[in-house]
Structure formats: structure tokens, C-alpha cells
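A look at the structure
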Amino acid sequence: YPHLPLHPRRPESRVWTVMLLLGTCLLYCARVTVPICAVALSTHFSWDKKQSGVVLSSFFWGYCLTQIIGGHISDQIGGEKVLLLSASAWGFLTVLTPLLTHVTSAHLVFMTSSRFLMGLLQGVYFPSLASLLSQKVRESERAFTYSTVGTGSQFGTLVIGGAGSLLLDWYGWESVFYFSGLLTLLWVYCTCKYLLSEKELIIPIDYLMRGLSISKQTKVPWKQLFKKAPIWAVIIAQLSTASTFFTLLSWLPTFFKETFPESKGWVFNVVPWLVAIPTSLFSGFLSDHLINQGYKTITIRKFMQVIGSGVSSIFALCLGQTSSFCKAIVFASASVGLQTFNHSGISVNVQDLAPSCAGLLFGKDSGVICVYLAGYLIETTGSWISVFNLVAAVNSIGLCAFLIFGEAQRVDTDSAYMDL
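Cut-offs applied
- Residues numbered from 1 in each chain as written.
- Predicted model: local features only at pLDDT ≥ 70, side-chain atom pairs only at ≥ 80, totals over all residues.
- Heavy atoms only, no water.
- Helix = DSSP H or I, 4+ residues; strand = E, 2+ residues; numbered from the N terminus.
- Buried < 20%, exposed > 50% of the residue type's maximum accessible area, 1.4 Å probe, protein only.
- Contact = heavy atoms within 4.5 Å.
- Areas by Shrake-Rupley, 256 points an atom, 1.4 Å probe, with all protein chains shown as cover.
- Phe/Tyr/Trp six-rings, centres within 6.5 Å; stacked < 30°, edge-to-face > 60°.
- Core = buried A, V, L, I, M, F, W, Y, C linked by side-chain atoms within 4.5 Å.
- Axes fitted to C-alpha atoms, helices over the stretch in contact; angles between N-to-C directions.
- Parallel < 35°, antiparallel > 145°, perpendicular 65-115°, else oblique.
- Nonpolar A, V, L, I, M, F, W, Y, C, P; charged D, E, K, R; others polar.
- pLDDT = per-residue confidence, 0-100.
- Salt bridge = Lys/Arg side-chain N within 4 Å of Asp/Glu carboxyl O.

In this section: the overall build of the chain. Scanning the chain from N- to C-terminus turns up 21 helices and zero strands. Relative to its full complement of 420 residues, the chain shows a buried share of 58%. Within the chain, counting contacts between residues at least 6 apart in sequence, those at least 24 apart form 87% of the total. As displayed, the chain has an accessible area near 17300 Å², and 68% of this comes from carbon and sulfur atoms.

And the structure:
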């Protein structure tokens, strides 16, 4: 049977929202260490754009492999346990990465493997989050809660963009990894100590095995679900928006460093993400407000998606055409900022459609092909315009699929499901 929504007391719910916001922030701090250090790493290890593209995209090869299993286990044993286990592992990996580069001479292979492993560990995070929120947050508050926690991605990129750029200039690229990894381990320690009891931290083996195998009681009718167009619409839209978001996240630092060599890293690595925080919060507030006013849920989800995928792409195209640093910052900020409207579009639409298996369905997005393709295009064409054209084209595909086939009615409660 589908999980019944659990509504914890509001103070407890708020504390978890803040801790998950910080967790998402640190997730992105660790994720963005390599994009921030990309130019320094490629200089240090003598990589060209294709090799940099391999390292940047290897994260997403790992990321897409654990998303589905991470979502499923979270739906079974609880998202908070999966979040803390993965955060502990990626924190240690981030701290160890610079130390281990001194041990090996095959730097390209090592950094690619390290990023692949980082992707495996971080791939479970957002499916676990979707699982946690679909079971603990009321539908009327879901978009705002998700947007609030989602701002951690911009806040994390902002923190590592500012502090990381300064550490990079002052102490070298290794310091950025130490900073990010140690903060993550501190967050895990605080969450375990102050938010979870010892009882909640223990995962019995039989409980874990229940998460790894689909039992009769929790069996999901995938055949029926995947026959439904809205499910495919949200999966295609998620693939598209994740691909374009991660392409910008991975390559914008390099774009600014090469196009405007005199510009300061702490400016172009900070400003777009600073703009994205209020836009993400505003999109969640606006979405929930309009739904509470009586507008149809799917109409609002699609409206948010038009801004998140459509309008943001226009600014991405403008970014490829400008030679002014100030205009480039404005266009990058608008494109990244407006993309956060996706949090109130497809990101919560997964929970509208199938809250009982939201974690599993959420586990189907990755930016692996686009991130590598962007590096390939820059190396072969010598032009950044091709990258921003790619972003706009991929966004358009996802947006069209969602506008045509997207729905907000729950689809995991039909007769086939209830009979199981």
C-alpha cells in the first residue's frame, strides 16, 4: 500500500527543513569543487577541454546509476538514513582527494574515478529528499518546502563560489577540497547528535534487505505507471532540466575565466547563485499561493516550468552573444535564477503523480551526456555559443513534453495498485 503521509510537529519539521537546507548546501559545495577548480586543475595536470569534459562529466555517470536504487531504498527505510550515510562517505572522499593525487601519477584516471565515485554517493540525495518530503509534508506546503530546501543548491554554490575562489587564489586548489569535505563531516556529526536518537541511527540488516528487495506489500505496478504519459513527460522534463542545469554549473566558471580573464572569480562564481536564492524561494511561495487561491495544480506547475525552462533559455542564448562582462553576469544570473522555478514545476510534480514512489521516480535525472558534449563542442568549434545553443535546445525538448503530456492527478492509486 502507498505510504500514508506523516506530518511531524511543526517545530520539528522546521528544524529538519533547516538541516536539509544545510545538507543540500554542502552537497553542492562538494559537487562544485571541481568546476570551481577546473581551470587550475587543467593547468596543473595539463588537460585540454575534452579531458576536462571527461572529468566534469564522470560525476554524472556515477550520479545516474544510484538515483533509482537510492530512491527505492529511501522509500523503504527512510530518507534521513540514506542521506546521512551518503554524506559521510562523500565528505571523507572530498577530504582525501587532494591527498591521493600525490600518491598516483595517472591523474586523469584518478580524478575521473574520484568524481565517478562522488556521483555514486551523491546520486541518492535528491531521490531520498523527494521520498522524505512526499511522506512528511502536506501537498499545500510541498512546493515552498521543496523550494526552501532546494535553495541549498544555490546557497552551496554561492558559498563554494565565494570562499572557494578566495581559497583557490590564496592557498591553491587543494584547500577548496579540504574546506568542503570537513564542513560536510561536521554537518553529519551535528545531525546525528542533535536530531536523531541512537535507535533511529541503527538500521537492522533485515530492514536494509527489505529496502533492497521489493516486497509484496510495497510492490509498485511499474508496467501500469510507465504506460501513463504524465510519468514519461515528467521524466523527460527532468532529464532535460537536470542536463542543462549541470552543464551551466560545470562550465560557467571556465566560460567566465576564459572569456573575461581579468574578472574576479568571487564575482562570477557568486552573483548568479546569489540571485538564484530569492528567485527559488519566490517561485515556491508564488506556486503554493496560486494553488491555495484555487488555480488548478497542473496549470501552475506548467506555468512555473515555462519560466524555468523557456524564459531561462532565452537568457542562456543571450549569454553566448555578449562581449560585455556586466551583461554576461546579468544574463547568467537571469538564466540560473529563473531555472529555480523548476523546483515548483516538475520537481514537485513527481510528488503530485506518485507520492508512494516519488524517490524512485525522481531518480531518473542526470547531466552526463550534455556536460561531456559541451566540452567536446568547445574543443572542436572553439566557440561557447554552441554550448548555450545546446542548453536552449535540450530545455525546449523537456518543456514541450511536459506542456503537452503533463498532469497533476495521482496515478499510483489505480485499481491495479490497490489490489497488490
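As for its placement among the helices and strands, phenylalanine 325 is situated in helix 16 (residues 325-339). Separated by 62 residues in the primary sequence, phenylalanine 325 and serine 263 have C-alpha atoms spaced 8.0 Å apart. Among all residues touching phenylalanine 325, those that are not within four sequence positions of it are Phe256, Phe260, Ser263, Val267 and Phe268.

This structure, assessed with the given rule, holds 26 aromatic pairs. Centroid distance phenylalanine 255 to tryptophan 384: 5.3 Å. Interplanar angle 70°. Geometry classified as edge-to-face. Of the two residues, phenylalanine 255 is situated in helix 12 (residues 229-259) and tryptophan 384 in the loop between helix 19 (368-381) and helix 20 (385-405); the sequence distance between them amounts to 129 residues. Geometrically, the ring pair formed by phenylalanine 256 and phenylalanine 325 is edge-to-face, given 6.0 Å between the ring centres and 85° between the ring planes. Separated by 69 residues along the polypeptide, phenylalanine 256 in helix 12 and phenylalanine 325 in helix 16 bring together distant segments of the chain.

A separate point is the nonpolar core. Membership of the largest hydrophobic core comes to 76 residues, with the highest contact counts inside it found for Phe246 and Phe256. In this view, phenylalanine 256 contacts Pro261, Ser263, Phe268, Phe325, Ala328, Ile329 and Ala332; residues no more than four positions away in its chain are not counted. Residues Val234, Ile235, Ala237 and Val411 belong to the second largest nonpolar core, which totals 12 residues.

We now examine the packing of helix 4 (residues 79-101) against helix 5 (residues 107-122). Relative orientation of the contacting elements helix 4 and helix 5 amounts to 170°, with a least axis distance of 9 Å. One element, helix 4, and the other, helix 5, form an angle in the roughly antiparallel class. Contacts between helix 4 and helix 5 involve Ser86, Ala89, Trp90, Leu93, Thr94, Thr97, Leu100 and Thr101 from the first element and His107, Phe110, Met111, Ser114, Leu117, Met118, Leu121 and Gln122 from the second. Classifying every residue of the contact of helix 4 with helix 5 by side-chain character gives nine nonpolar, seven polar and no charged.

This brings us to the confidence of the model for the chain. Per-residue confidence for the chain averages 82 on the pLDDT scale, and 83% of its residues sit at or above 70. Ranking the elements of the chain by mean pLDDT puts helix 21 (residues 415-418) last with 36 and helix 16 first with 94. Contacts for the low-pLDDT stretch residues 1-7, under 50 throughout, to residues beyond four places or in other chains number 19 contacts. Segment residues 414-420 is flagged for pLDDT under 50; beyond a separation of four residues in sequence, or across chains, it makes 16 contacts in the model.

Next up on the list: the pattern of salt bridges. A complete count under the given rule lists one salt bridge for this structure. The salt bridge involving glutamate 258 is made with lysine 49; its shortest N-O contact spans 2.4 Å. With glutamate 258 in helix 12 and lysine 49 in helix 3 (residues 49-77), the pair connects residues that are 209 residues apart, well separated along the chain.

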